[in-house]
Amino acid sequence: MPIDFNTQVIEEFRANGGRVGGPFEGGRLILLTTTGARSGRPHTTPLGYLPDGGRILVIASAGGAPRHPAWFHNLVARPRVTVEDGVFTYEADAVVLEGAERDEAFARAAEADPGWPAYQAKTSRVLPVVALVPVPGPPRPAAASPGGALKAIHDAFRRELALVRAELERSGPGLGAQLRVNCLTLCQGLHHHHTGEDGAIFPFLAERRPGLGPVLSRLRREHEEIAALLARLREAVSATGADPRDVAREVGHLTAELERHLTYEEEHLIPVLDAPAG
């Protein structure tokens, strides 16, 4: 993509918590910063990605160009990269997938989006698939305040649910492999988020704001209710011959309950999280 276009997307992404318009609107997007293989300088590129459990996948398509994109050469030379997802910025190690693992990942991508096989058909090179594996350690929030960070996390879950619902609407009679991964990754992310709140944020708030007891008790109960919905969704997704209509129904139930939960949590916790100290 032209440098000016990339710069515009990067600025819009950072200004709007990962949301952009144009050709990336409504898609999954990250900013990937690599270190120049020759220059040693940082280079940031907007890229679409595929969820893959605890990591994400990017494809070095370059629109089907005859050569690999510069960012791919950079990460081959220096695999430590920086990822911005609109909510957090974190370091990751880039792993170029090989053999059957690469072919399986690309097949999932091609099944989910005909753009990928179209790019492959335009070039004689094999399009590389790269896994970005987060480095252990706390990520850096993009928001300037704790309340803003909480809202950003919630909005990311809202966007992912909307993407999954749209993908289910477009799905054929069977549940595609990548769509299955998308659903399971969403379940994993929500589980980790609520486990972190129950184990860290809520005890922290309970100690400092005893009056929040009833609110935190309700939020914990809702976490248990949402955990049951996540279990039902995982069961529907993992069933042999999974029917997208069954999965869509479970995603609809989860969306409705989660939205009520997130709205209540934002109304009661953001003012407390962002209140002046003292």
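Throughout, a residue's number is its position along its own chain's written sequence, starting from 1. Residue-level local features of this predicted model are given only where pLDDT is at least 70; pairs of side-chain atoms are given and counted only at 80 or more, and the full residue set underlies all totals for whole chains, interfaces and linings. Side-chain calculation: all heavy atoms of the structure are included, whereas hydrogens and water are not.

1. Some details on the nonpolar core
The tendency in soluble globular proteins is for nonpolar side chains to be buried as a group.
Step number 1: Side-chain atoms within 4.5 Å are what join buried Ala, Val, Leu, Ile, Met, Phe, Trp, Tyr and Cys residues into a set we call a nonpolar core. Burial here depends on accessible area, computed with a 1.4 Å probe over protein chains only, as a share of the maximum for the residue type. Under 20% is buried, over 50% is exposed, and the range in between is partly exposed. Among the nonpolar cores identified, the biggest contains 25 residues, and Leu168, Leu175, Leu190, Leu233, Val247, Val251 and Leu254 are the most heavily contacted of them.
Step number 2: Put simply, DSSP marks the helices as runs of H or I at least four residues long and the strands as runs of E at least two long, and each gets a number from the N terminus on. Of all the secondary structure elements, the ones that give two or more residues to this core are α5 (146-170), α6 (177-208), α7 (213-238) and α8 (244-273).
Step number 3: Every residue pair with non-hydrogen atoms within 4.5 Å of one another is taken to be in contact. Other than its neighbours up to four places away in sequence, Val251 contacts Leu161, Val164, Arg165, Leu168 and Leu233.
Step number 4: Core analysis: the second largest hydrophobic core is formed by 16 residues, Ile56, Leu75, Tyr90 and Ala94 among them.

2. Here we look at the pattern of salt bridges
Step number 1: Between Lys or Arg on one side and Asp or Glu on the other, a salt bridge is scored when a side-chain nitrogen of the former is within 4 Å of a carboxyl oxygen of the latter. Here the structure, examined in full by the defined rule, presents 20 salt bridges.
Step number 2: We note a salt bridge from Arg140 to Glu91, for which the minimum N-O separation is 3.8 Å. Of the two residues, Arg140 sits in strand β8 (residues 140-141) while Glu91 sits in strand β6 (residues 88-96), which places them 49 residues apart along the sequence.
Step number 3: You can call Arg140 partly exposed: its relative accessible area is 45%.
Step number 4: Classification of Glu91 by relative accessible area gives partly exposed; the value is 27%.
Step number 5: Salt-bridge contacts for Asp246 lead to Arg249; the nearest nitrogen and oxygen are separated by 2.7 Å. Here Arg249 and Asp246 lie together in helix α8, a separation of 3 residues that amounts to about one turn.
Step number 6: Each of Asp52, Arg55, Glu101, Glu104 and Arg108 takes part in one network of salt bridges that share partners.

3. Points about the packing of α6 against α7
Step number 1: Viewed as axis vectors pointing N to C, α6 and α7 meet at an angle of 165 degrees, and their least axial separation amounts to 10 Å. Looking at the two axes, α6 sits roughly antiparallel to α7. As for how α6 packs across α7, the hand of that crossing is left-handed.
Step number 2: Residue composition of the contact of α6 with α7, grouped by class: 14 nonpolar, 4 polar and 5 charged. Interaxial angles span 0 to 180 degrees and are taken between N-to-C directions of axes, which are lines fitted to C-alpha atoms, for helices over the stretch in contact. Any angle from 65 to 115 degrees is called roughly perpendicular, while one under 35 is roughly parallel, one over 145 is roughly antiparallel, and all others are oblique. Left-handed describes a crossing in which the near helix is turned anticlockwise from the far one by less than a right angle; the clockwise case is right-handed. All residues other than Ala, Val, Leu, Ile, Met, Phe, Trp, Tyr, Cys, Pro, Asp, Glu, Lys and Arg, Gly among them, are scored as polar; the first ten of these are nonpolar and the last four charged.

4. Here we look at α7
Step number 1: Take the residue count of a helix, subtract one, and multiply by 1.5 Å to get its expected span. Here α7 contains 26 residues, and its C-alpha end-to-end distance of 37 Å stays within 8% of the 38 Å for a straight helix at 1.5 Å per residue.
Step number 2: Those residues of α7 not exposed but buried are Val215, Leu216, Leu219, Glu222, His223, Ile226, Leu229, Leu230, Leu233, Ala236 and Val237.
Step number 3: Where α7 is buried, its residues contact α6 and α8.

5. A word on the side chain of Glu160
Step number 1: Among the secondary structure elements, Glu160 is positioned in helix α5.
Step number 2: A relative accessible area of 13% means that Glu160 is categorised as buried.
Step number 3: Those residues within four positions of Glu160 in sequence are excluded, and the remaining contacts are Arg28, Pro51, Asn182 and Leu186.

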